[in-house]
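# Observations on the three-dimensional arrangement
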Amino acid sequence: MPRRSVSSLEMTAAVAAMLAACAAPSRPAAPAPQPAPAGSSNGRAVPEPLPLLPPREAWLRGWMPLKPTGVDEFLKLHPTFDGRGVLIGILDGGLDPGVAGLRTTTTGEKKLLDLRDFSGEGVVALAPAAMQGDQISVAGRILAGASRLRALAVGNAVFGGAVAERPLGEMPASDLNGDRDDTDTLAVVVVRASDGWVLFADTDGDGSLANEKPVHDYLVARETFAWHSGGRQPTITLAANFREERGTPKLDLFFDTSAHGSHVAGIAAGNNLYGVSGFTGVAPGAYLLGLKIANNAQGEISTTGSMVAAMAYAIGFARARRLPLVLNLSFGVGNESEGSARIDAVVDSVLAANPDVVFAISAGNDGPGLTTMQYPGSATRAVTVGATFPSVFLGAAGKGGDPIAYFSSRGGELAKPDIVAPGLAYSTVPRWNTGDERKGGTSMAAPHAAGLAALLVSGLIQEKRRIEARLIRQALMVTARPLATVNYLDDGTGQPNVAAAWRWLAAARPVPEIAVRAVHNGVTAAFQERELGVPVDTQQVFEVGLAPDAAETEVAVRSNRLWLRAPARLRLRSGANRVNLTYQASALSRPGVYTGVVTGWISDTLAGPVFRLVNTVVVADTGNPIIARVSAIPAGGEGRVFFAATTGRPFAVSFATQAAGEQVLAYLHEPGGQPYREENGIGAGHDDQAGVYVVDARDVVSGLYEAVAVAPPLNGASATISVQQSPLTIGVDHTPDGLAVRLGNMSTATVTSQPFVVLVGAAREERLAAQGSDRRHIRFRLPDWAVHATVDVEMDRAQWPTFTDFGVTMLAGDGRKLGKAPLNYAFGRLHVDLPRGAAAPAEAEVVLSPGFADPQRDQRWAATVSIRLYADSAHVNRLAGQSVSVAPGATGAVVFPLTASALQLGEAFAPLGIVVVPEGERTWTREATLQPADMTRRR
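Now for a description of the structure that goes with this document. It should be emphasised that the depicted structure is a prediction, and the values quoted were computed from it without experimental measurement.

### Focus on the overall build of the chain
Helix and strand counts for the chain stand at twelve helices and 58 strands. Its C-alpha radius of gyration of 29 Å places the chain within 12% of the 30 Å reference for a compact globule of 939 residues. Counting only C-alpha atoms, the chain reaches 90 × 80 × 55 Å along its principal axes. Looking at the chain as a whole, 60% of its 939 residues are labelled buried. Counting every atom, the chain has about 34900 Å² of accessible surface; 50% of that belongs to carbon and sulfur. Separation between the mean location of the 83 positive side-chain charges and that of the 89 negative ones in the chain comes to 5 Å.

In structure tokens:
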């Protein structure tokens with residue numbers, strides 16, 4: 001989803017914080033105003049929205065960072081290799097065809113060849129409409145100008161439909177007609193003309209269709225329309241997609257209410273952005289194909305089969321026109337079980353069947369933790385792109401090179417990313433998103449790489465040479481320059497240079513196609529977790545595979561780490577070849593992360609490595625407390641600490657810099673790489689400015705957690721990461737007598753505590769067992785004491801790889817969107833601050849929107865949904881407990897008798913409390929319902 005790879009996607013709060021810290025001191029960017037439509041409101045003039053920075057100034061500042069990958073120098077040498085003749089397909093949340101910069105190529109041709117919606121978000125239900133005289137009745141409105149329809153229509157069939165703004169998401173994107181609200185329902189009329197179905201809409205709001213232009217399917221005439229009544233300029237431009245079933249028209253509207261796809265398209269292939277001559281994206285001569293796969297209103301989520309359908313359409317479209325194709329997908333979700341995602345297999349299958357198609361996919365924004373590579377960026381044949389932080393945004397002091405972006409997802413079990421590219425840019429956005437032209441994420445890095453591929457393909461077709469996607473990927477990787485102070489898990493082979501990649505391709509080197517697989521402990525890379533003090537060397541086996549018809553290949557083998565031993569030479573035969581590597585235990589004797597790469601080389605060493613065996617060993621710290629001093633973190637670099645946690649045992653992680661004036665960003669990752677389920681990425685300074693994560697016992701997952709301190713991109717830092725785990729595990733049981741709190745002592749001394757319980761709200765849990773991709777709704781009343789809601793959705797990890805997305809949205813009873821948070825993993829959490837006063841809703845519903853990789857819609861799924869409502873401090877009650885002493889290795893218990901709740905609870909809700917366990921100078925907690933588990937309902 002273009003949110004995580006968001007937002008996806010997206011200028012995240014963490015990116016914004018880094019920008020604020022690193023803004024060029026010469027002239028800080030002006031604050032972005034809220035977009036407002038032109039015209040008047042209640043008789044008052046409404047100012048035009050202003051961009052974050054005037055486009056010409058953004059161009060002069062280099063805010064479309066092309067220099068880091070050598071684009072500007074390459075085009076000076078090869079001005080016609082600018083992407084011309086190449087089609088770039090943008091699989092995203094739509095793009096706005098009215099944006100200057102997305103209209104023409106460098107040769108003056110139309111840039112947008114087609115716009116097609118596969119998300120279903122723009123579907124308009126059509127029904128026969130009645131005309132009487134010069135009027136037509138549609139969606140409760142009477143429109144004049146029906147005689148215009150009669151004159152144009154072939155036959156008497158006239159259809160009408162309506163587009164409601166509020167279901168399209170949040171303001172201002174959902175305000176299609178720019179009148180500063182989202183309460184409108186806009187009518188459309190469809191008739192068959194001599195050249196196909198056409199749409200009419202009262203775009204100027206004068207109540208008549210007489211002066212309106214017919215809008216054909218975009219592919220037929222490349223026509224668009226926009227509502228702009230009241231003298232206002234359009235805030236969003238739409239296109240029509242028509243198909244016909246049994247003589248009846250079916251209408252989809254194509255639009256971009258996320259601004260993500262428009263921004264991505266501008267990076268890949270924008271030309272004269274915002275009308276500024278010379279302000280371009282990477283491949284300004286390329287054509288664009290807009291493929292909408294995401295429902296923006298439901299959290300920018302892909303829908304069932306949308307990725308598969310979009311890929312198939314793009315390939316068929318390009319083949320029919322004999323255009324070489326580059327695809328870009330700035331989208332992804334978290335890998336719960338690397339190597340098993342259904343969409344990865346589909347992508348690899350499609351690319352194997354179409355070896356001339358290059359596919360760039362964003363790595364994801366779940367960094368800086370390891371094993372955070374998202375799918376489908378984990379597809380083996382894709383060019384997976386991580387992000388750098390372009391030094392042009394860091395001011396003069398940042399000229400030493402681009403650091404890795406801390407949010408960029410990292411490898412571990414996967415030998416990814418392949419390359420990194422600038423992850424921040426000033427690019428095209430719809431008018432409603434004016435002021436947010438600068439966005440950051442790996443979503444911005446992937447289209448940069450897609451543009452690089454288009455430049456190379458453009459050169460190949462002009463020189464009438466064969467296009468092989470794997471060799472283009474190899475060219476970008478072999479000639480990339482690794483970033484300073486990072487390893488393969490961070491940046492893959494580094495940041496490419498397109499001129500160097502072109503020279504590599506021009507040599508036409510024969511490179512065998514070799515597949516790599518780790519046997520156990522990973523997928524395309526080996527990732528081992530081990531305890532301190534393992535005394536013996538260990539083995540790691542890889543399978544290195546040649547195609548069945550490939551000739552035997554002699555390969556020289558090199559290791560870049562002394563602890564990582566490999567055979568000096570290999571003779572590879574067709575099929576799988578086992579390679580045994582040895583990890584030297586004596587070199588892995590301290591806590592930390594050890595990464596090494598074994599490479600294979602054919603006789604032509606300029607061809608670069610023909611395979612890479614990436615190995616990582618994580619040695620966790622086993623102390624309690626853990627006090628790890630990560631000194632001399634380089635600028636933009638990380639210091640990492642791994643530690644083991646146990647279900648039900650709360651803990652706290654503190655980050656503090658070792659010197660006054662230093663700052664770091666502090667991150668916590670759960671076992672498997674998932675970012676901490678609460679807010680992740682907090683600032684940390686010296687002494688009392690330390691950043692602290694306190695993890696409730698309910699949220700603790702057994703396994704290795706990773707704590708990461710990230711230094712600013714211009715300055716290094718030294719930090720102390722402290723981990724303190726509770727000596728007690730905290731469990732709860734519901735009994736007929738009340739709530740039983742169980743305390744298990746994991747320390748070597750007796751622990752005495754006097755637990756108590758605080759009543760904080762109400763909770764409801766439901767187990768859904770469902771079939772198909774239809775949305776599921778859970779409706780409930782909102783009590784007047786509720787000020788905050790939290791929704792947890794959890795499913796079996798083995799089930800997650802069948803999805804490409806899963807939306808979680810909370811709506812008020814009147815349809816207002818209260819919050820949205822698409823699942824990024826098999827567990828997801830949505831926080832919503834509830835409106836108060838007159839705006840407080842009496843009812844709400846949680847909407848679950850599953851999106852499967854495969855198009856069939858009968859797939860089964862199940863999830864547990866927990867809805868928790870929290871009261872303000874005036875409604876909180878405390879239940880006192882009794883003192884208990886627990887010996888080492890033993891368990892103690894305290895029972896809290898249930899009393900009537902002072903809060904009015906809705907149907908199927910039970911009282912919600914927090915168990916508080918004082919221990920020395922600290923207190924530890926576990927959130928729990930205060931009522932037996934039979935409150936749950938099943939569907």
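### Let's talk about the side chain of serine 443
Summarising the element assignment, serine 443 is placed in helix α9 (residues 442-462). Classification of serine 443 by relative accessible area gives buried; the value is 0%. At 2.9 Å, the side chain of serine 443 and the side chain of histidine 260 are in polar contact.

### Section: a positive patch on the surface
Together, Arg103, Lys110, Arg222 and Arg321 give the surface a local cluster of positive charge. Structurally, arginine 222 is set in the loop between α5 (218-221) and β14 (239-245). Look at arginine 222 and you get partly exposed, because its relative accessible area is 33%.

### Here we look at the sheet that holds strand β42 (residues 728-735)
Strand order in the open sheet formed by three strands is β42-β43-β55, and the pairing between neighbours is antiparallel. The strands lining the two open edges of the sheet, one partner per strand, are β42 and β55 (891-897). Each strand of the sheet is rotated relative to its neighbour by a mean of 20 degrees, with strand direction disregarded. By the bridge criterion, seven bridges tie strand β43 (residues 738-745) to β55 in an arrangement that is antiparallel. Bridge pairing in β55 links alanine 740 to valine 895.

### Looking at the pattern of salt bridges
With the rule as written, the count across this model stands at 45 salt bridges. The partner of glutamate 706 in a salt bridge is arginine 640, and the shortest N-O contact between them spans 2.7 Å. With glutamate 706 in strand β40 (residues 703-710) and arginine 640 in strand β35 (residues 638-645), this residue pair connects regions lying 66 residues apart in the sequence. Accessibility assignment for this pair places glutamate 706 and arginine 640 in one class, buried. Linked through salt bridges whose partners overlap, the residues forming this network are Glu670, Arg677, Glu678, Arg698, Asp699, Asp792, Arg829, Arg868 and Glu927.

### Side note on helix α8 (residues 342-353)
With twelve residues, α8 should reach 16 Å at 1.5 Å per residue; the first-to-last C-alpha distance of 17 Å fits that figure. Within the sequence span of α8, burial applies to Ile343, Asp344, Val346, Val347, Asp348 and Leu351. Elements that come into contact with the buried residues of α8 comprise α7 (306-321), β20 (358-362) and β48 (803-812).

### Thoughts on the side chain of serine 306
Here serine 306 shows up in helix α7. Serine 306 gets classed as buried once you look at its relative accessible area, which sits at 1%. At 3.0 Å, the side chain of serine 306 forms a polar contact with the backbone oxygen of isoleucine 293. Within the structure, the side chain of serine 306 is placed 2.9 Å from the backbone oxygen of threonine 303, a separation counted as a polar contact. Excluding its chain neighbours within four sequence positions, the residues that come into contact with serine 306 are Phe118 and Ile293.

### Some remarks on the nonpolar core
Among soluble globular proteins, nonpolar side chains are generally buried collectively. Of all hydrophobic cores here, the largest spans 118 residues; its most connected members are Ile88, Val385, Ile472, Phe611 and Leu613. Tallying contributions element by element places α9 first for this core, with twelve residues. Contacts of leucine 613, omitting those with residues within four sequence positions, involve Val516, Phe542, Val544, Val579, Leu581, Gly596, Val597 and Val598. Leu91, Leu782, Val793 and Phe806 belong to the second largest nonpolar core, which has 70 residues in total.

### Observations regarding the sheet that holds strand β12 (residues 196-201)
Pairing is antiparallel across the open sheet formed by five strands, whose spatial order is β6-β10-β11-β12-β13. Where the open sheet ends on each side, the last strands, each with one partner, are β6 (127-128) and β13 (215-216). Taken together, the six bridges between strand β11 (residues 185-193) and β12 define a ladder with antiparallel strand orientation. Bridging from a neighbouring strand, valine 191 pairs with valine 198 of β12.

Conventions adopted
Residues numbered from 1 in each chain as written. Predicted model: local features only at pLDDT ≥ 70, side-chain atom pairs only at ≥ 80, totals over all residues. Heavy atoms only, no water. Helix = DSSP H or I, 4+ residues; strand = E, 2+ residues; numbered from the N terminus. Rg over C-alpha atoms; globule rule 2.2 N^0.38 Å. Buried < 20%, exposed > 50% of the residue type's maximum accessible area, 1.4 Å probe, protein only. Areas by Shrake-Rupley, 256 points an atom, 1.4 Å probe, with all protein chains shown as cover. Lys, Arg positive; Asp, Glu negative; His and termini not counted. Charge placed at Lys NZ, Arg CZ, Asp CG, Glu CD. Polar contact = N/O pair within 3.5 Å; in protein donor to acceptor, adjacent residues only side chain to side chain. Patch = residues over 30% accessible without salt bridge, like charges linked within 9 Å, V, L, I, M, F, W, Y side chains within 5 Å. Salt bridge = Lys/Arg side-chain N within 4 Å of Asp/Glu carboxyl O. Pairing = 2+ DSSP bridges. Axes fitted to C-alpha atoms, helices over the stretch in contact; angles between N-to-C directions. Expected span 1.5 Å × (residues − 1). Contact = heavy atoms within 4.5 Å. Core = buried A, V, L, I, M, F, W, Y, C linked by side-chain atoms within 4.5 Å.

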